[in-house]
Amino acid sequence: MTTTTFRLYLLFSFFVLFAQWSPVLSDLLISKLDRKVDLTSQVVRITATLKLENPGNDQISEVLLPFPDHQAKDLAFLVATTSEGKGKTKTSSSSLPIKVVNPEGLPPSLTWYSVTLLKELGKGQSLTLEVRTAFTHALRPFPEKITQADIQLLVFQESAYYLSPYAVNVQSLSVKLPEPKVESYTKLENTKFSGSEIKYGPYENLPPFSYSPIAVHFVSNKPFAVAQELVREIEISHWGNVQITEHYNLVNAGATSIGEFSRLEYQARPHLRGASSFRHLVAKLPPRAHSIYYRDEIGNISTSNIWGDSSKTLLEIEPRYPMFGGWRTSFTIGYGLPLKDYLFRAEGKRFLNISFGCPMDEVVVDNLVVKVILPEGSKDISVSVPFSVKESRETKFSHLDMIGRPVVALEKTNAVPEHNQYFQVYYRFSNLSLLREPMMLISGFFFLFVACIVYMHADLTISKSSPSYLAKLQWDEVQSALQQIQSIMNHCLGIHDKLEASLRDLSRTGDVQACKAARKSADNMLKELSKDLKPLLSFLQSSPLAASLYSKVEELVAKEKELQEKLIVKHTTVTDSYEKKSGGRDIENRIAPIQQKITALRQEVDDLLEVIDEI
């Protein structure tokens, strides 16, 4: 059994169940009923014109409209109006009140709606009731998966007879297809297929809950663009702008594409190799829309066009890739509108009057969230929407906000183009609140300048008589003494290097007198440096802040003194050996132990200098 046959079997069983309830109501009669089903888009629109008569004695104030539960979950739009006259003189009333009811004694597996008449229908009276409905996801792809080269086939299931708890004298049904191509359709008595329309009926004298399941398997390559979620943010700024941002999570809900995708074939023959896909969408924006942008998670998308006139602005957007069945994409559209065109005053309140639904007629929205972000300080907020929505409140923080901006969040499932109606958000807002942000900016800059002036003229130095200031001065003196000691030690090490250099010159030239002269000069300089070092050591020894440092300094001076002595011994040994004409190997043997000690002492002096430098 195929999927379509199984669904028809379920539909048949479903209507058999209703047969046991017939007849149910006899106080109202449908003398004539015409139904028109429009399958030219993914939204199934059904218009039923019912001529009602009251043959009973009781006044009738409501009309019951039943829908099977599997059909009611896809019901996106329902409106009922009454009409009078014919032809050009025909007039229609405004929408009648409709509510969900649970009538007793009627099938529980149905969802019941009650239409309240503006005027009770008396005995022998009649009226014409027009019921318009729109269903989403009522068309099923069959087969559910196709290749790039296949056309898209859809299945629509319905009953040739109108489901009603009232008897029907005469009724007919017409099904309009998107094109004159049909794979198959249920053939009943009085069935006619002409052009792109299938007609059933007329059928006469049908009891309540009459049934006759039908299925139409037809060709349709119309785009199945479905926004699984659409979040519209409408932010009001009393400085003259209404900013609208729309976040789309879009999918092609048609037959799932399988197999490989060839972009070459698609570009060469897009109407044959990808007929059920779509590559662009058109958004109908208000006429004075400005600052329009279109981007996705990657960034700005340049494949968009804008044109329009005094009555509208059309934004044609093209995703980064063609949308085949099952493919998804996410993007954002934003634009600004003049505030004066949408914000008005009435009875001491301001109110926003703007459209609710998606600006793209070819897109169905599974979950639509409209967030109206009001200025900070708005209060006494109320909402007026021409259809049922789920309402909640939030708070959003933006630039320079203190308590946050109130947000009215309206949620609607199964949103279709019929929901693109105007709604109103009322609130109170004081003009003084409009000055809050400018005053915050002015005050902020004022206090900043005052703080700068105070800082520039204030004496922030520490008192010279305070203990902390005196301690800082003493520590600065200690650091200065340490730096001078480091300088003297480095100078001494430089003199040591010169003594070593004089010995190298002696081994090269053999001039003993020049080497002794260098020794005499070094001795004089070392004595002068030793004199300069004494007062510094005395200061550190007497300073309480240098108590922990003096031991290291004292050790440094001692090691440098020992290093001097070893160098002098080495210098004397070498010069004496040269005067006695000793051989070079003999000289090296005599100074070898002295040189080892000099090397070790030099390393110790360098390490101590590093320690003091870190202090």
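The rules behind these values
Residues numbered from 1 in each chain as written. Predicted model: local features only at pLDDT ≥ 70, side-chain atom pairs only at ≥ 80, totals over all residues. Heavy atoms only, no water. Helix = DSSP H or I, 4+ residues; strand = E, 2+ residues; numbered from the N terminus. Polar contact = N/O pair within 3.5 Å; in protein donor to acceptor, adjacent residues only side chain to side chain. Contact = heavy atoms within 4.5 Å. Buried < 20%, exposed > 50% of the residue type's maximum accessible area, 1.4 Å probe, protein only. Phe/Tyr/Trp six-rings, centres within 6.5 Å; stacked < 30°, edge-to-face > 60°. Patch = residues over 30% accessible without salt bridge, like charges linked within 9 Å, V, L, I, M, F, W, Y side chains within 5 Å. Areas by Shrake-Rupley, 256 points an atom, 1.4 Å probe, with all protein chains shown as cover. Salt bridge = Lys/Arg side-chain N within 4 Å of Asp/Glu carboxyl O. Lys, Arg positive; Asp, Glu negative; His and termini not counted. Charge placed at Lys NZ, Arg CZ, Asp CG, Glu CD. Pairing = 2+ DSSP bridges. Axes fitted to C-alpha atoms, helices over the stretch in contact; angles between N-to-C directions. pLDDT = per-residue confidence, 0-100.

Draft legend 1. Representation of the side chain of Gln424. Take Gln424: it is sitting in strand E31 (residues 422-428). Side chain to side chain, Gln424 and Asn353 meet in a polar contact 2.7 Å long. In contact with Gln424, not counting residues within four places along its chain, are Phe351, Leu352, Asn353, Ser382, Val383 and Ser384.

Draft legend 2. Structural context of the environment of Asp58. Mapped onto the fold, Asp58 is located in the loop between strand E2 (44-53) and strand E3 (60-68). Sequence separation of Asp58 and Thr47 is 11 residues, and the distance between their C-alpha atoms is 28 Å.

Draft legend 3. Summary view of the environment of Arg320. Among the secondary structure elements, Arg320 is positioned in the loop between strand E23 (313-317) and strand E24 (328-338). With a relative accessible area of 40%, Arg320 lands in the partly exposed category. Spatially, the C-alpha atom of Arg320 lies 9.8 Å from that of His280, the residues being 40 residues apart in sequence. Beyond its immediate sequence surroundings of up to four residues, Arg320 is in contact with Asp296, Ile298, Gly299, Asn300 and Ile301. Side-chain polar atoms of Arg320 contact the side chain of Asp296, separated by 2.5 Å.

Draft legend 4. Structural detail: the packing of aromatic side chains. Applying the stated criterion across every chain yields a total of 16 aromatic pairs. A ring pair is formed by Tyr161 and Tyr203, whose centres lie 5.1 Å apart and whose planes are at 75°; its orientation type is edge-to-face. Here the residue Tyr161 occupies a position in the loop between strand E11 (153-159) and strand E12 (167-176), and Tyr203 occupies one in strand E15 (residues 197-206), the gap between them amounting to 42 residues. By the burial criterion, Tyr161 is buried, and Tyr203 matches it.

Draft legend 5. Quick peek at a positive patch on the surface. On the surface, Lys527, Lys531, Lys534 and Lys561 cluster together into a positively charged patch. If one sorts the elements of the positive patch by residue count, helix H6 (residues 512-542) sits on top with 3 residues. Along the chain, Lys531 turns up in helix H6.

Draft legend 6. How the structure looks around a negative patch on the surface. On the surface, a cluster of negative charge is made up of Asp607, Glu610, Asp613 and Glu614. Relative to the elements of secondary structure, Asp613 occurs in helix H8 (residues 584-614).

Draft legend 7. The arrangement of the pattern of salt bridges in detail. Counting across every chain of the model gives 24 salt bridges. A salt bridge links Asp497 to Arg602; the shortest N-O distance between them is 3.2 Å. One end of the pair, Asp497, is in helix H5 (residues 467-509); the other, Arg602, is in helix H8, and 105 residues separate them in sequence. Overall, Asp497 belongs to the partly exposed group, its relative accessible area being 38%. Judged by relative accessible area, Arg602 falls into the partly exposed class, the value being 26%.

Draft legend 8. Molecular detail of the sheet that holds strand E25 (residues 343-346). If you walk across this open sheet you meet the 4 strands as E25-E26-E31-E28, and the pairing is antiparallel. The open sheet has two edge strands, E25 and strand E28 (379-384), and neither has a second partner. Shown here is a sheet whose adjacent strand axes are inclined to one another by a mean of 25°, direction ignored.

Draft legend 9. View of the confidence of the model for the chain. Predicted confidence across the chain gives a mean pLDDT of 86, with 92% of residues reaching 70 or more. Counting contacts from residues 1-24, a segment whose pLDDT is below 50, to residues more than four positions away or on other chains yields 44 contacts.

Draft legend 10. View of the sheet that holds strand E21 (residues 290-295). One open sheet accounts for 7 strands, arranged E21-E24-E18-E17-E27-E30-E29; its pairing is mixed. Of all strands in the sheet, those bounded by a partner on one side alone are E21 and strand E29 (390-396). Each strand of the sheet is rotated relative to its neighbour by a mean of 15°, with strand direction disregarded. Both strand E17 (residues 225-237) and strand E27 (residues 363-373) contribute to a ladder of 9 bridges, which runs parallel. Bridge pairing in E27 links Glu233 to Lys371.

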